[in-house]
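Coordinate analysis (summary)
Spelled out from the first residue to the last, the chains are:
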Amino acid sequence: SAPPNPPSAPVQEQESAPSFEGADYLHNPEPEYPELAMNRGWEGRVLMKVHVRPDGKPDEVAVLETSGQRILDDEAVKTVKRWSFVPAKRGAVAVAGWVTVPVTFKLS
């Protein structure tokens, strides 16, 4: 009798990362510029690592790079926790994933 066929390799489903770009329709709010930071002329960029659930809601937000001002960092984290994201996908199925999100505070 012939030897059994070797098992076929599993099909790798394409996986995409979660995104906040192109998600304008989700109406994510801009962070409020803290009054103290405005009065003192503080500006900066906060870079955050965000874990996005399959439903597009963040469940973990951590500061990767600080703006140099705690009040700006805290406002950025508070704001991003209220955002909605386009979730990561494995094939056609939404899955949890990580995304890096920058928030810039700039006085005009």
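To continue, consider the pairing of strand E3 (residues 58-65). In this sheet, E3 lies alongside strand E2 (residues 44-52) in antiparallel orientation, the contact comprising six bridges. Across the sheet, Val-50 pairs through a bridge with Val-61, a residue of E3.

We now examine the sheet that holds E3. Pairing within the open sheet is antiparallel, and its three strands lie in the order E3-E2-E6. Of all strands in the sheet, those with a lone pairing partner are E3 and strand E6 (97-105), marking the two edges. Taking each pair of neighbouring strands and ignoring which way they run, the sheet shows an average axis angle of 30°. The sheet contacts of helix H2 (residues 70-80) involve E2, E3 and E6, and relative to E2 the element is tilted by about 35°.

Calculation notes
- Residues numbered from 1 in each chain as written.
- Predicted model: local features only at pLDDT ≥ 70, side-chain atom pairs only at ≥ 80, totals over all residues.
- Heavy atoms only, no water.
- Pairing = 2+ DSSP bridges.
- Helix = DSSP H or I, 4+ residues; strand = E, 2+ residues; numbered from the N terminus.
- Axes fitted to C-alpha atoms, helices over the stretch in contact; angles between N-to-C directions.
- Contact = heavy atoms within 4.5 Å.

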